[in-house]
Amino acid sequence: MGKKLRSESWFGSQDKMGFVHRSWLRNQGYPNDAFEGRPVIGICNTWSELTPCNGHLRELAEFVKKGVLEAGGVPLEFPVMSLGETIMRPTTMLFRNLVSMDVEESIRANPLDGVVLMTGCDKTTPSTLMGACSVDLPTIVVPGGPMLNGRYRGSEIGSGSFNWIIKEKQNSGRFTGEDLTEMEICAARSIGHCNTMGTASTMAAMVEALGLTLPGASSIPAADSRKKVMAQLAGRRAVDMVRENLVLSSVLTREAFENAIVVNAAVGGSTNQVIHLLAIAGRIGVPLELDDFDRIGSKIPLLVNLLPSGKFLMEDFFYAGGLPVVLRELGPLLHENIITVNGSTIGANNATAECFNPEVIAPLSKPFQPEAGIAVLRGNLCENGAVIKPAAATPALMKHRGRAVVFENMEDYHARIDLPELDIDEYCVIVLKGVGPKGYPGMPEVGNVDLPKKLLNREVKDMVRISDGRMSGTAYGTVVLHISPESTVGGTLALVQDGDMIELDVENRRLHLDVSDAELQRRRAAWQAPEPLAARGYVKIYLDHVEQADKGADLDILVGNSGSTVSRDLH
Ligand code: FES
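To start, this report covers the structure provided alongside it.

**Brief notes about the overall build of the protein**
Scanning the protein from terminus to terminus reveals 20 helices and 14 strands. Against the compact-globule benchmark of 25 Å for 571 residues, the protein has a radius of gyration of 24 Å, which places it among compact chains. Across its three principal directions, the C-alpha atoms of the protein cover 80 × 55 × 50 Å. Split into buried and exposed, the 571 residues of the protein put 61% on the buried side. Looking at the protein alone, contacts between residues at least 24 apart form 77% of all its contacts between residues at least 6 apart. As displayed, the protein offers around 22,300 Å² of accessible surface, 52% of which is attributable to carbon and sulfur atoms. Of the side chains in the protein, 56 bear a positive and 69 a negative charge, and the two mean positions are spaced by 2 Å.

**Thoughts on the packing of aromatic side chains**
Evaluated as defined, the whole model comprises 7 aromatic pairs. Taking 6.2 Å as the distance between ring centres and 50° as the angle between the ring planes, the aromatic pair formed by Y538 and Y542 counts as tilted. Placement of both Y538 and Y542 in helix α20 (residues 537–545) is noted, with a separation of 4 residues, approximately one turn of the helix. Each member of the pair, Y538 as well as Y542, carries the same accessibility label: buried.

**Some details on the environment of D498**
For D498, the location among the structural elements is in the loop between β12 (479–480) and β13 (501–505). Linking D498 and V406, residues 92 residues apart in sequence, is a C-alpha distance of 5.4 Å. Contacts of D498, omitting those with residues within four sequence positions, involve A404, V405 and V406. Separated by 2.7 Å, the side chain of D498 and the backbone nitrogen of V406 make a polar contact.

**Some details on helix α2 (residues 16–25)**
Listed as buried for α2 are M17, G18, H21, R22 and L25. Here the buried residues of α2 occupy an arc of 125° about the axis, which is enough to place them on one side. Of the residues in α2, the exposed ones pointing more than 90 degrees away from the buried face are K16 and W24. In this structure, the buried residues of α2 make contact with α1 (8–11) and β2 (74–79).

**A few points about the pairing of strand β11 (residues 464–467)**
Of the two faces of β11, the one lined by V464 and I466 and the one lined by R465 and S467 are each fully buried. Both strand β10 (residues 429–432) and β11 contribute to a ladder of 4 bridges, which runs parallel. Within the sheet, the bridge partner assigned to V429 lies in β11 and is V464.

**Considerations on the side chain of D554**
Tracing the sequence through the fold places D554 in the segment after α20. Apart from the residues lying within four places of it in its own chain, the contact partners of D554 are R96, N97, M130, A279, R283, H545, V546, E547 and V559.

**Things to note about unusual backbone geometry**
P441 follows Y440 through a cis peptide bond whose omega is 0°. For P441, the position within the fold is in the loop between β10 and α18 (453–456). If you check the backbone angles, H482 has positive phi at about 60° while not being a glycine. The class of H482 is buried, set by a relative accessible area of 4%.

Definitions and limits used
Within each chain, residues carry numbers counting from 1 in the order of the written sequence. Reporting of local features is limited, given that this is a predicted model, to residues whose pLDDT is at least 70; pairs of side-chain atoms are given and counted only at 80 or more, and all residues count toward the totals for whole chains, interfaces and linings. Side-chain figures throughout are based on the complete set of non-hydrogen atoms in the structure, without hydrogens or water. Numbering of helices and strands runs from the N terminus, with a helix taken as a DSSP run of H or I at least four residues long and a strand as a DSSP run of E at least two residues long. What the globule rule says is 2.2 Å times the number of residues to the power 0.38, and the radius of gyration is computed from C-alpha atoms. Accessibility here uses a 1.4 Å probe with only protein chains present; expressed as a share of the type maximum, an area under 20% marks a residue as buried, one over 50% as exposed, and anything in between as partly exposed. The contact criterion used is simple: two residues touch if any of their non-hydrogen atoms lie within 4.5 Å. Using a 1.4 Å probe, the Shrake-Rupley method yields the accessible areas, and only the shown protein chains count as cover for residues. Positive charges come from Lys and Arg alone, negative charges from Asp and Glu alone, with His and the N- and C-terminal ends not counted. Each charge is placed at NZ for Lys, CZ for Arg, CG for Asp and CD for Glu. Paired rings are identified among Phe, Tyr and Trp, the last through its six-membered ring, by centres lying within 6.5 Å, and are further divided according to the angle between planes into stacked (under 30 degrees), edge-to-face (over 60) and tilted (the rest). In protein, a polar contact requires one atom able to donate a hydrogen and another able to accept it; more generally it is a pair of N or O atoms within 3.5 Å, and residues adjacent in sequence count only if both atoms are side-chain atoms. Throughout, the arc means the angular range of directions from the helix axis out to the C-beta atoms. In this description, strands pair whenever DSSP reports at least two bridges between them.

This is how it looks when you write it as structure tokens:
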């Protein structure tokens, strides 16, 4: 073993405090040898009935425990705050940083030598990983896995992606309340997270690309028995990682982050990866910037045919060979020699992966799209950047000049978007303010707002929409997101008025408000910052400290890490 276990400073002494630390744990039935130099593995569980996508993680944790015990470790499962994407108000993103604090302090304050992160729904992956990075113990991720394919009256239905056409369907008059109810259960057919390449699948692919899971772990459906096997093997491996002192910072190198950007492009992953990866890099101390996503990822071809960029679902992806095939195909475009949690390199782990369905996973020589990554825009409307996902956008709108139709916030949008008298046509640019990190607060996934009813009735499918918010990973459209600085802190977005002309030019990475500098100066002088949205509690701390989207929207006081040492015992 070599290095003394961290947990020994709790359990290894024969004095009063050793007695206290061991004795109360014994009420759960631990034998003497549980405290005699065996690695203690914390199983950080985001299970919650309020997080439907993670509802199976309690059972899955039992398999992790089996693995830990088999390898000679001691598993201790602990709960942390969980974030249910479809339920929490105003948005789970408001609480991502709070969960990261919960995870960080839970790990550091307890006698843990290594950690298994049980994740699933969108924010449960980045939040737990951010917290773990700030402690930097040996850490492995067990992704909960996607739902099985849903089926509605003979056709497949992807969780999430259908949400964006409900308004369109209901407008058609041929979609009843009963249809909606039936569809609800069809769309969520089994345990697991969204079965598209939405944010949860994107986050799972991200952690595998970073080298933080066992090979192939992210693609296995939640309901597949191989998920349990993977969990058990991850438990075993966590113990060995402690013995090898393979800490997070040994795996999370700059090269690992570059791999994650490449993989996100190749799988058509969510724009949310940008904000989460920046925050994770900030915690572990790897320099990463918004422009890296464009520079490294924007020319990467699309290798998977999954919703929302394509047509298949995660179950199909798994049967086709899953992420290992993508990693093997990407080969030379990746840093193949980076070490992963299994102690082997990402190249070696995936060298023999085989594709069983080229309709779902394409070879690098024949991609589904030649360029799939995220483009980073600059201009007077987004001095610190904005992002767009060209693969999910309408090609004809990628270069567009249109008249702004401005909504000051979501309430304003809902009140006016469907008014018959609203002066809007398909060439206009929908501008949504007040949905950034501080503005909402919490930067919700509203950037892909529905088009006005009257245009949907004319079968208009897409319009340019711009905002300081985010977009669900299951969504699509010509949607400019993450505008920084946001409107609430006085970014130029705050100054846009109805009738202004806006130019989007994705090829030249430009987003421009065609208003003179003098006029902008006049508007800026007259602009008044909105009242803060909270005077107390966590939201007040969040508002006082949250950074802008181009920095990952972490709290400034949480960036970096404090290691695993706690200098004082409880005495
Ligand atoms: Fe949980 Fe999509 S809502 S993963």
